[in-house]
Amino acid sequence: MEYTGNAIYDYVYNEDLDYYFSAEHNWMLVYGNAASIPKIMVFASKVTDINSNCTDNEIKEANKAFSIARYLKLPFIFVRFMVNNDLVGIWEESVGQWQTVTYDQLRDIYERYGVVQPGTARKRVNQYTSSPYHDWQRNNLGRITVSDFDLIKYNNGQVQEIIELKRSKIPLNTWTPYTNDYPNFALLINAIVGSGKKIPFTLYYNLMRAGQMGMRVEDTSQIKVFDFIIPPNMISSHQVQYCFRGYYKLDQLLN
């Protein structure tokens, strides 16, 4: 699997551990409404040609995302997009076949699932950006909640843990989860609640230091861990609760 720079992803990849994470051009996203109620899971794939056949790796990752969506009891959509084009390929679980649609038509599909804020204006897609799908999402869906999965322990067809990854230059002993992230935390908590499964949801925080030539260097010698409280019913962002677990080394956490 290809990946962007992240020391924890490097560790998982090099140790060949049973964890799922987004590749460089693939994203697994949970969409919810403004109240952080999950509605759909989308596997978005950036490709050079939406009319080309899916690669073996793309199929493998999409199938894994599909299995996770089913485990979480969320409707599944597979979207393929490319730069310099205002069309996308889409496969809906409820339809069962590929369609080529415009971004306006894609919005109509998302609206059926309740992930477009009513009254949100339609804006033209800037197809020349590096990721027109993500730009379209930000500009056309309104005030909703969207979260990707940073890391999922997925084994034997079961989601065994969902892990949020955070990193910054703030010292470990003073850093705590940002309240601005609570809507996304609530979205993932509610996805767990809606699944009816007992799935731990944790947050790993590690330090980033300034390196040479302006490059940032990650310090994963110590990881600060928080456990989110999973309640019996869905919550609002104001009801997010967590507890500090402690400091660990990566090999104590990931196996």
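Residues numbered from 1 in each chain as written. Predicted model: local features only at pLDDT ≥ 70, side-chain atom pairs only at ≥ 80, totals over all residues. Heavy atoms only, no water.

Here's the deal with the pairing of strand β11 (residues 216-228)
Link 1 in the chain: Examined bridge by bridge, strand β10 (residues 201-210) and β11 share eight bridges and lie antiparallel to one another. Each residue of the ladder has a partner; that of Thr202, found in β11, is Asp227.
Link 2 in the chain: For β11 and strand β12 (residues 242-248), the ladder comprises six bridges, and the chain directions are antiparallel. In the strand pairing of β12, Ile223 is matched with Tyr248. (Pairing = 2+ DSSP bridges. Helix = DSSP H or I, 4+ residues; strand = E, 2+ residues; numbered from the N terminus.)

Some words on the pattern of salt bridges
Link 1 in the chain: Enumeration over the complete set of coordinates arrives at eight salt bridges.
Link 2 in the chain: The salt bridge involving Lys166 is made with Asp181; its shortest N-O contact spans 3.2 Å. Residue Lys166 is located in strand β9 (residues 158-168), and its partner Asp181 is located in the loop between β9 and α5 (182-195); the two are separated by 15 residues in the primary sequence.
Link 3 in the chain: Residue class for Asp181 comes out buried when judged on its relative accessible area of 18%.
Link 4 in the chain: Ionic contacts of the salt-bridge type, sharing partners, join the residues Glu164, Lys166 and Asp181 into one network. (Salt bridge = Lys/Arg side-chain N within 4 Å of Asp/Glu carboxyl O. Buried < 20%, exposed > 50% of the residue type's maximum accessible area, 1.4 Å probe, protein only.)

Quick look at helix α1 (residues 7-15)
Link 1 in the chain: Along α1, the residues that are buried comprise Ile8, Tyr9 and Val12. Taken around the axis of α1, the buried residues stretch over an arc of 100°, which confines them to a single face.
Link 2 in the chain: Buried-residue contacts for α1 involve β1 (19-20), β8 (151-155), β9, β10, β11 and α6 (250-253).
Link 3 in the chain: Sitting at the amino-terminal end of α1 is Asn6, which places a side-chain oxygen 2.9 Å from the backbone nitrogen of Ile8.
Link 4 in the chain: Following α1 by one or two positions, Asp16 has its phi on the positive side, about 55°. (Arc of directions from axis to C-beta. Contact = heavy atoms within 4.5 Å. Polar contact = N/O pair within 3.5 Å; in protein donor to acceptor, adjacent residues only side chain to side chain.)

Side note on the packing of helix α3 (residues 103-112) against helix α4 (residues 132-140)
Link 1 in the chain: Where α3 meets α4, the axes come as close as 12 Å, and the angle between the chain directions of the two elements is 55°. It follows from the interaxial angle that α3 and α4 lie oblique. Crossing of α3 against α4: the hand is right-handed. Each of Tyr103, Leu106, Arg107 and Tyr110 in α3 lies in contact with α4, whose residues at this interface are Pro132, Tyr133, Trp136 and Asn140.
Link 2 in the chain: Of the residues assigned to the contact of α3 with α4, the class counts are six nonpolar, one polar and one charged. (Axes fitted to C-alpha atoms, helices over the stretch in contact; angles between N-to-C directions. Parallel < 35°, antiparallel > 145°, perpendicular 65-115°, else oblique. Left-handed = near helix turned anticlockwise from the far one by under 90°. Nonpolar A, V, L, I, M, F, W, Y, C, P; charged D, E, K, R; others polar.)

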